[in-house]
Amino acid sequence: VFYPISHPDPRTGLSMINWIAEVTMDNAGGWNQSGWFRQVRIDEFVHHFDGWVWDWLDVPMLIRQAEVGFENPMIDRDPVPSWCDGPVALLGDAAHPMLPHLGQGANQAIEDGMALATILARVDATAVPAALQAYEKLRRERVAAVQLGARQNGLRVDSISGDLTQRDAELVAHADFRARLYAYDVAPEAQAAAEALLR
């Protein structure tokens, strides 16, 4: 992904460009430090894209123009075994971090928040622990499906993943999953979960 982050310089006609490149590595490339990112030398990175030309763009040439590069791992994990403990609940990435290949990390946190607010608004303080368990039960299956979908989509768009004809067919077939993903409304299910608590 690349995009301009400045207007063209009137003297040179050049813009600042931000680019993001993804490389699949085992064990997060040996990531073993604290912090979200580390600075890397461009010549340590550009070799991953040798020979890449896309339409008019020479990708290695674009990468070599960078003044500085930063590297950060993209790591997900399965949802934690329990999101709730008494009157405390996790949501979003704290409960279910996911890869960015569906653009759903923030959206799933918003859905969590909507489900949680909808359920809690219908119960009194004595029912909070049960309400939190209902929230977790409601969200767990959907979030797991979205996490898996993000992992699978990341592999699909990775050209080293195998047969590109099969990959392209999977991308087309994935449209049904995305349509269901984007059309989902958490509120009715959260209302039903809250009503079940009141019975």
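Scroll up to find the structure this text is about.
Residues numbered from 1 in each chain as written. Predicted model: local features only at pLDDT ≥ 70, side-chain atom pairs only at ≥ 80, totals over all residues. Heavy atoms only, no water.

**Considerations on the packing of aromatic side chains**
Note the cut-off: Side-chain rings of Phe, Tyr and Trp, where Trp is taken by its six-membered ring, are said to pair if the distance between their centres is within 6.5 Å; with planes under 30 degrees apart they count as stacked, over 60 as edge-to-face, and otherwise as tilted. For every residue, the accessible area obtained with a 1.4 Å probe (protein chains only) is divided by the maximum for its type, and the residue is called buried under 20%, exposed over 50%, and partly exposed between those limits.
Scanning the entire structure with this criterion turns up 6 aromatic pairs. An angle of 45° between the planes, with centres 5.6 Å apart, marks the rings of Phe 45 and Phe 49 as tilted. Phe 49 shares its class with Phe 45; the two are buried. Summarising the aromatic geometry, the rings of Phe 49 and Trp 52 are spaced 4.9 Å apart at their centres and angled 80° between planes, so their arrangement reads as edge-to-face.

**So, the pattern of salt bridges**
Quick note on the threshold: Salt bridges are defined by distance alone: a side-chain nitrogen of Lys or Arg within 4 Å of a carboxyl oxygen of Asp or Glu. For the purposes of this entry, the term helix denotes a DSSP run of H or I that reaches at least four residues, the term strand denotes a run of E that reaches at least two, and both are numbered from the N terminus.
This structure, assessed with the given rule, holds 8 salt bridges. The salt bridge involving Glu 71 is made with Arg 38; its shortest N-O contact spans 2.5 Å. Of this pair, Glu 71 sits in strand β6 (residues 69-71) while Arg 38 sits in strand β3 (residues 38-40), placing them 33 residues apart in sequence. By relative accessible area, Glu 71 is classed as partly exposed at 24%. A salt bridge links Arg 140 to Glu 136; the nearest nitrogen and oxygen atoms lie 2.7 Å apart. Within this pair, Arg 140 and its partner Glu 136 are both found in helix α3 (residues 128-156), separated by 4 residues, close to a single helical turn. Residue class for Glu 136 comes out buried when judged on its relative accessible area of 8%. Through salt bridges with shared partners, a single network forms among Glu 111, Asp 112, Arg 139 and Arg 142.

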